[in-house]
Each structure stands twice: as structure tokens, then as C-alpha cells.
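# Observations on chain architecture
Spelled out, the chains give:
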Number of protein chains: 2
Amino acid sequence: MSSLGMPLSTPALAGKLAGLQSSAIRDLLKLTARADIISLAGGLPDAALMPRERIAAAAQSALADASCLQYTESPGLPALREVLAARESARIGRAVGLNEVFVTHGSQQALSLLAEVLLDPGALVIVEDPAYVGALQVFRAAGARIVAVPLDRDGMRVDVLEELIANGERPAVVHTVANFHNPGGVTLSPERRRRLAELAERHGFWVIEDDPYGELWFDTPAPAAVASYSDQVIRLSSVSKTLAPSLRVGWMVAPDRVCRAVELLKQGADLCGSALTHQIAADLIADTSWFAAHVDTVRTAYGHRAKTLVEALRSTFGDALTCTDAAGGMFVWVDFTDGTDTTALLPTALDAGVAYVPGAAFAVADAYRNSARMCFTTGDEATLTEAVRRLAAAHASR
Amino acid sequence: MSSLGMPLSTPALAGKLAGLQSSAIRDLLKLTARADIISLAGGLPDAALMPRERIAAAAQSALADASCLQYTESPGLPALREVLAARESARIGRAVGLNEVFVTHGSQQALSLLAEVLLDPGALVIVEDPAYVGALQVFRAAGARIVAVPLDRDGMRVDVLEELIANGERPAVVHTVANFHNPGGVTLSPERRRRLAELAERHGFWVIEDDPYGELWFDTPAPAAVASYSDQVIRLSSVSKTLAPSLRVGWMVAPDRVCRAVELLKQGADLCGSALTHQIAADLIADTSWFAAHVDTVRTAYGHRAKTLVEALRSTFGDALTCTDAAGGMFVWVDFTDGTDTTALLPTALDAGVAYVPGAAFAVADAYRNSARMCFTTGDEATLTEAVRRLAAAHASR
């Protein structure tokens, strides 16, 4: 029997893969690699703003000692966990213990291991609509039942969640990108944070506060962390948007017993992270004044780009669309109010030399047929203005 | 309801964790960190032999370009996959395509993702007895039914596997550490490799050839790869034992459709590896004459240490034990022939200042009550001799 004829297995795999079709974003990114297309479709931070020389210096410093080449502990290099515990203590407003900090291979791995720890097949997970696709993938693969709660300009509609609970729904986990939502661009209001935490405590569910963008505020810092309201909030973050994705350093702050369960799964998943990149991240984050200045540089650059994109969209399209204010993060969410179907428009837009991600790629309950996500991080201001000009040309010729 | 009262979930988690109790080796490593104990219990390569300066130079070279800071493709940095495809083509004896090479976060992640791709709960997995604990963890967590086939001095008893099949067993996967087995120390003979591949083709199962140690032969190179006999053999390897574990670079060579299924799961698991450590690994492996000389240095050092340990054991204990010849890899497997219970001996050995891992830690079907795994990589020759002296003292006073 030839291997080509062998079944790749298996009903279980088929079930998992049903929720894991290679994301529309990734497939699109392949199409938009053409040099003549200005892509607002990506979700990548700008490599030119990453602190290449400082990382090189930290790498040399780490490599003065052979210990950074060896295996490290599954919860992460202790030196990094100490730095993160101090930083998260300040963020959450209570003393976070080392045993409550767990370093993962990007925060995506934290999501994936948490789904294994917190969810039985069929468990109810509440996600935001539009949703972060990486979370949807993980929850679908875990066999969760997924119910979406819409966003508005103040973030997740916690009143809708409350109504679901009043109607008898019992979530195991509520996932929220509370700061500068991907793709929705909005931030959960302080009042809703408090209410969400109260609901978690009253009804005994976990909140996963997925926060890769919180440091990237433009005019006003993000509100107090959702985790500052309750121990039932597991906080995830990462250096991918502040330092560099290739360090592959994300982390969770969670009660000890959650971290210990995750630790057992991490051993089977990949043993441990990289002592080398953990040491580099620890070095850079521990240099607090340098780190603050560096993040401020990124913040300022992204802030200018965001304003350029938003102003160009508003001045060009007028009443034909609304878009978020882009108060932080990496994305603007656009709703065409003139009935434009963003999926149908995409081929025309690509012909005109501009790409974005249609809202349908992030849809759970609503279809978001007239919506789009646009990323402003990787273009300079002239490029973003030109992108909107091309989009307008495509829109006019549709 | 306080978070301390919340169930961490779930029947599913309980099932997973039942197979994932923090490994006996790891718990033991914590006990043996005492400076006065010579530990033969670890499974770590010697950090002093890792090419620290060459890695530092490669890091600087990679960091001359910001692209090594960005996210990379889920199957791994293309430059690394090219280098690995060339190397594996030579190893397997056929042209391996880029689409058949998939880089993982150490080969442990390859095992973990393959278990998800290839196994349904209840599927039969054949492991070797004694077993590589990291594989057992993964297969147990996947809900597989595990049947052990014993090792002898020529590796897995393929005749026992054949008998199982004749009796109606239908494995989905057979896992083998064919070269310099961890913990068993033995190597699968060429004749058995051929036979194993024939069985895989006839009965339609996958063989996972888990090969972290193949490069570390002492007097004679390892036999031709199991994968050279059939496309139904998925080959795993890693730079953890040749360059450095903290690069977190493992890989699999597998048919395209297996790699594509693994790719979807990798996106959910952790998006991608580190472009930085992938570039470092690519740089070092591509420098073939340097790499060959480097591996030869490691091989020579480990070879001397292995011979020292084996000779000290044999000359000290005489007929009271047998042990493997340590023809490569990192481990010697010891069988006490005088009835010594290695688990019972361990506290006495620790008091005498030496540690090893009792055979029971690797047991699947057999109990290996009189056996032990001893690692020779991290001690110099005087230290290894002293370790055996201490072991003899403990043995005499038991």
C-alpha cells in the first residue's frame, strides 16, 4: 500500500481541520506580496521600528554566557519571569508572583494551551464579533461551542453577554481583545471592564484578556487592565508588537493552578522556550527607561500613520463610510455605509493596487459584508494616502 | 464565587493530565541540582561544547537585516528549510522537496503536532520499551492506546511487532528512536529497519523515526535512515544535540499532505517559529565544513566520556551489571544482574553524592526495576569515574 493511498487519519483530524482552514488573511497575504500592491491587509508590525541594534547588543551580552544556549524551564527563563512579574504587578495593581507568570511561544501559544486547560469539547466560549481569527481557530479546534457578542464603539457589548447569561447560557470562557481590538479597532470602556469582571465572579467563568496592543496607545493610555478587577481574568500579552515577533515571547498572568496545568501541557507541546530570546527580552524590558522611550517611538510613528489613514478615508469617502478613530494598536475598522460589498470590491482593489481584509474574514454571527480591516503600521504617510486614493478609484469603478 | 473555588475544568483535562504527570526525570532534576551531587540523571547536552562564539557571529550577521525580527512562515524560514532539505536529501538518499520539510519548536513539537494529525483517540501507537518519556506524554495526551515492544541490543524487536500484527493489532503509528536510543542506548539494525519499513507499507501505518542523536556516533556512523526505506517513515531531527537547544529548531521530513495538515495546526498552536534562531541555524548548518568539524568535536568529547563511564562501570561492578556499549548519543543503559532495585537504591546513591534515573521512569510494559539510565555528556572523565566510585559505595552499603 503506497503512502499516497494512506488515509491521513481520521475523524478527529477532520473535525479539527474544519475549524482550521488556513486563514483567509494568510491566503490573502500571499496574493498581496506583489510589489505593485500597497497592502493594508497585513497584520505585521513595522520591522523598521524594531530595535535591531539594541537586540543585537542584548544577544551579544546573553551569548557571553553559555547558559543561554541550554534548555530552560518550561514556564520560561526565571530572569524574564521576574521582569514580567514586576511589570504586570504595576499593570494589574497587585503583587504578581513568579508562579503566576508563564512565558509562552507568543501569546498565541498561551491561547492554545489555555483552551486545552479550560475547555471540554462542547464548552461555551464567548468571542467578540468581529473576532480575532487566531482565537477563533483555537477555540474551534478545541471543539468549543462559540457564541459571538458584538462590539460597539465601547468594545464588547457586555449587556448582550449579560442577556445571554440571563437566558441560561453558561460560558466557560469569555475572550476579549479589550485594547485597540483586532480587527475592530475599539477599546472596552472602564465601566464594561468592571461589569465583565463582576459577571465572571458571579457566574464562575474565566475571562481571557488578550492584550498584545495595550502599550500602543496614541493620545491616552489604555484603561486599567480587565485583570485589575478580578483574579478570574487571565491576562495575555507579548513583545511581538513592542519589540519583535521573532523573539517569540508572549506570556500569561494566571492563578498558580492554571499555570501548573499549562506547564504540564507545555512540556508535551515543545518542552520549553528559548533561553536566548528570553534573555534578550528580559534585558530589554528590564531597561525600563530605554524600553519606555522605545515604545514611545513606536507609538508616535503608528499614531501619525493611523491619523493619516483615518483622515484620508474620511476626507476621500465622506458619508460613504465610517471608520474607527484608531486610538491605538494597528488597525482601523471601516464600515461602508453606501452598500459596498468589500469582498466583491477586493479584486477591483487589487487591480487598482491596494489590498485590505474584507470584514467577512472576521465574521462570526454578523456577516460584515460592508466592512474591512485596514492596517496602518507598515506604510509611511505618503503610501497610506496613495492607498486610499487607489481604494477610491476602485470604489468609483465598481 | 472566588476563583480559588472555580473548577479548573473538566473531565477532558483530567484525562489529558493523567498522562502528563510532570515527568519523573524533571522532578528528579530538581532534587539533583545540589552542587555536591554528580548527576548522571540529566539529559542535557554539554553547554561548554556548544558553539557559542559561532552562534554569536551568526546572530550578528542575521541582525544586520531587520527581516529576521519579523514573523516568518509557519513551516519555517525558507532559508533554513532549503538547508535542511539538502541535508536530509543526502541522509535519506532521495531529493527531499522544500514542501516536505517542516521546522518545529524542537522535535518535541513535531511529535506533538503529528500526534494530533495522525491519531484519533483510541488509535494504537507502538512505542519502544523502555520508552522516550516525551513521546509517551504526547501519545497518552492524544488518547492513544499504547502497546510497547521491547528493545534488545539491535533496537526494537521488530519480530514482536510482527507478531502483534499477526494477532490482529493494527497500529496507526510506530514510534522509534532508531539511533542511540534514549534511554536504551541501542541502535536499530539495518535488517530490522528494512523489515519495519516493509511492515509499514504492507499494513498501512506510519513510522515516526525520532532521530535527535544520529549525528552523535562515536566509532561508526549510524545505519541508513529508516526513512530511506519508505515514504511512510516520517523523520524527525533537531539541532538541540549538535548546536544548541535554545535555538529551538527541530524539523520533520514528511509527505506534503502531512506537512500541510501540521501547518494548519501550527498556526493555531503558536503561529510560527523565530526567524532569528532559524537564520542562525541555517547559517551554521550551511557552513558544511565548519559544521562537520564542530559535530566531530562534540562526537569525540562524548565518545571519550562514554568509554570512561562504560569502562568504569564494568571494571567496578564486574558481573553485578551489564550495560550498553554507548556507540553514540548521550546515554548508557545499565541492568543490574544482582537484583539491585534501582528505585530503592536512589536515596542511598543521592546520599553518596551521585544521581541517575531509575529504569522505572521509562517503563511501559516491563518494570525495569533493576535498570538505570546514565547520561555521560556533562561530566569530564575524572567526574564520571568519581560518579561510579560513589555509585559503588552506595551499592555496597545498600
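Computed from a predicted structure; not experimentally measured.

### Description of the overall build of chain A
Helix and strand content of chain A: 13 helices and 14 strands. By the compact-globule yardstick of 21 Å for 398 residues, chain A fits well, its C-alpha radius of gyration being 21 Å. The principal-axis extents of the C-alpha atoms in chain A amount to approximately 60 × 60 × 55 Å. Across the 398 residues in chain A, those meeting the buried criterion constitute 63%. In chain A, the share of contacts with a sequence separation of at least 24, taken over all contacts with a separation of at least 6, comes to 73%. Counting 35 positive and 45 negative side-chain charges, chain A places the averaged centre of each group 2 Å from the other.

### Overview of the domain arrangement of chain A
Residues and elements named next belong to chain A. The assigned domain composition of chain A is domain 1 (21-50 + 293-396) and domain 2 (67-291). On a C-alpha basis, the centroid separation for the pair domain 1 and domain 2 is 26 Å. Interface area for domain 1 against domain 2, summed over the two sides, is near 2600 Å², with a carbon-plus-sulfur share of 63%. It is His294, Arg299 and Val364 that lose the most area in domain 1 upon contact with domain 2, and together they represent 23% of the buried surface on that side. Our count for the domain 1 to domain 2 interface comes out at 1 salt bridge. As a salt-bridge pair, Lys307 and Asp219 come within 3.4 Å of each other at their nearest N and O atoms. At the junction of domain 1 and domain 2, the tally comes to 18 residue pairs in polar contact (both at pLDDT 80 or more).

### Points about the packing of helix α3 (residues 52-62) of chain A against helix α10 (residues 275-286) of chain A
All names here are of chain A. Here α3 crosses α10 at 120 degrees, and the two axes come no closer than 9 Å. Comparing their axes, α10 and α3 come out oblique. With respect to the hand of their crossing, α3 and α10 are arranged in right-handed fashion. Only Leu276, Gln279, Ile280, Asp283 and Leu284 of α10 make contact with α3, whose side of the interface consists of Arg54, Ile55, Ala58, Ala59, Ser61 and Ala62. The residue makeup of the contact of α3 with α10, split by class, is 7 nonpolar, 2 polar and 2 charged.

### A short note on the confidence of the model for chain A
Chain-level statistics for chain A give a pLDDT mean of 93 and a share of 92% at 70 or above. Scored below 50 in pLDDT, residues 1-5 of chain A shows 10 contacts in the model against residues more than four places distant or in partner chains.

### Concerning the packing of aromatic side chains
Throughout the structure, instances matching the rule amount to 12 aromatic pairs over all chains. Note on Tyr213 of chain A and Phe331 of chain A: the rings are 6.1 Å apart at their centroids and 90 degrees apart in plane angle, and the pair reads as edge-to-face. Here Tyr213 of chain A, found in the loop between β7 (206-210) and β8 (233-238), pairs with Phe331 of chain A, found in strand β11 (residues 331-336); they are 118 residues apart in sequence, far enough to count as distant. Of the residues examined, Tyr213 of chain A reaches a relative accessible area of 5% and is grouped as buried. Phe331 of chain A sits in the buried class, given a relative accessible area of 2%. A ring pair is formed by Phe218 of chain B and Phe376 of chain B, whose centres lie 6.0 Å apart and whose planes are at 65 degrees; its orientation type is edge-to-face. Placement of the pair is Phe218 of chain B in the loop between β7 (206-210) and β8 (233-238) and Phe376 of chain B in the loop between β14 (371-375) and α13 (381-396), with a sequence separation of 158 residues. With relative accessibility at 0%, the residue Phe376 of chain B sits in the buried group.

### Observations concerning unusual backbone geometry
That bond from Asn182 of chain A to Pro183 of chain A is cis: its omega, 10 degrees, falls within 30 degrees of zero. By the secondary structure assignment, Pro183 of chain A is in the loop between β6 (173-176) and α8 (190-203). Here the phi dihedral of Tyr368 of chain A falls at roughly 50 degrees; this positive angle occurs in a residue that is not glycine. Inspection of the secondary structure puts Tyr368 of chain A in the loop between β13 (357-358) and β14 (371-375). Phi is positive for Phe180 of chain B, close to 50 degrees, though the residue is something other than glycine. Assignment of secondary structure puts Phe180 of chain B in the loop between β6 (173-176) and α8 (190-203).

### A word on the sheet that holds strand β3 (residues 124-129) of chain B
Residues and elements named next belong to chain B. Spatially, β2-β9-β8-β7-β6-β3-β4-β5 is the arrangement adopted by the 8 strands of the open sheet, whose pairing is mixed. Every interior strand has two partners, whereas the edge strands, β2 (101-104) and β5 (155-156), have only one. As defined by bridge partners, β3 adjoins β6 across 2 bridges and the pair is classed as parallel. Across the sheet, residue Ile126 finds its bridge partner in β6, namely Val174.

### Quick look at the packing of helix α7 (residues 158-166) of chain A against α8 of chain A
All names here are of chain A. Running from amino to carboxyl end, α7 crosses α8 at an angle of 20 degrees, the nearest separation of the two axes being 10 Å. Viewed along their axes, α7 and α8 adopt a mutual orientation that is roughly parallel. Note on packing geometry: the crossing formed by α7 with α8 is left-handed. Contact residues: Val158, Leu161, Glu162 and Ile165 in α7; Arg192, Arg195, Leu196, Leu199 and His203 in α8. Tallied by class, residues from the contact of α7 with α8 come to 5 nonpolar, 1 polar and 3 charged.

### Description of the environment of Asp287 of chain B
Summarising the element assignment, Asp287 of chain B is placed in the loop between α10 (275-286) and α11 (288-317). Separated by 31 residues in sequence, Asp287 of chain B and Asp256 of chain B have C-alpha atoms that sit 27 Å apart.

### Concerning α10 of chain B
For α10 of chain B, which comprises 12 residues, the first-to-last C-alpha distance of 16 Å matches the rise-based estimate of 16 Å (1.5 Å per residue) to within 8%. A large share of α10 of chain B lies buried, amounting to 9 of its 12 residues. What α10 of chain B keeps buried is the set Ala275, Leu276, Thr277, His278, Ile280, Ala281, Ala282, Leu284 and Ile285 of chain B. Those residues of α10 of chain B hidden inside the fold are in contact with α10 of chain A together with α3 (52-62), α4 (78-92), β2 and α11 of chain B.

### Regarding the pairing of β3 of chain B
Residues and elements named next belong to chain B. The buried count for β3 comes to 6 of 6 residues, which makes it a mostly enclosed element. Relative to strand β4 (residues 145-152), β3 runs parallel, the two sharing 6 bridges. Across the sheet, Asp129 pairs through a bridge with Pro150, a residue of β4. With helix α6 (residues 133-141) bridging β3 and its parallel neighbour β4, the resulting β-α-β unit is right-handed.

Conventions and cut-offs
- Residues numbered from 1 in each chain as written.
- Chains lettered and ligands numbered in written order.
- Predicted model: local features only at pLDDT ≥ 70, side-chain atom pairs only at ≥ 80, totals over all residues.
- Heavy atoms only, no water.
- Helix = DSSP H or I, 4+ residues; strand = E, 2+ residues; numbered from the N terminus.
- Rg over C-alpha atoms; globule rule 2.2 N^0.38 Å.
- Buried < 20%, exposed > 50% of the residue type's maximum accessible area, 1.4 Å probe, protein only.
- Contact = heavy atoms within 4.5 Å.
- Lys, Arg positive; Asp, Glu negative; His and termini not counted.
- Charge placed at Lys NZ, Arg CZ, Asp CG, Glu CD.
- Domains from an automatic or database assignment.
- Buried area = accessible area lost by both parts, 1.4 Å probe.
- Salt bridge = Lys/Arg side-chain N within 4 Å of Asp/Glu carboxyl O.
- Polar contact = N/O pair within 3.5 Å; in protein donor to acceptor, adjacent residues only side chain to side chain.
- Axes fitted to C-alpha atoms, helices over the stretch in contact; angles between N-to-C directions.
- Parallel < 35°, antiparallel > 145°, perpendicular 65-115°, else oblique.
- Left-handed = near helix turned anticlockwise from the far one by under 90°.
- Nonpolar A, V, L, I, M, F, W, Y, C, P; charged D, E, K, R; others polar.
- pLDDT = per-residue confidence, 0-100.
- Phe/Tyr/Trp six-rings, centres within 6.5 Å; stacked < 30°, edge-to-face > 60°.
- Pairing = 2+ DSSP bridges.
- Expected span 1.5 Å × (residues − 1).
- Right-handed = clockwise from strand over helix to strand, strands pointing away.

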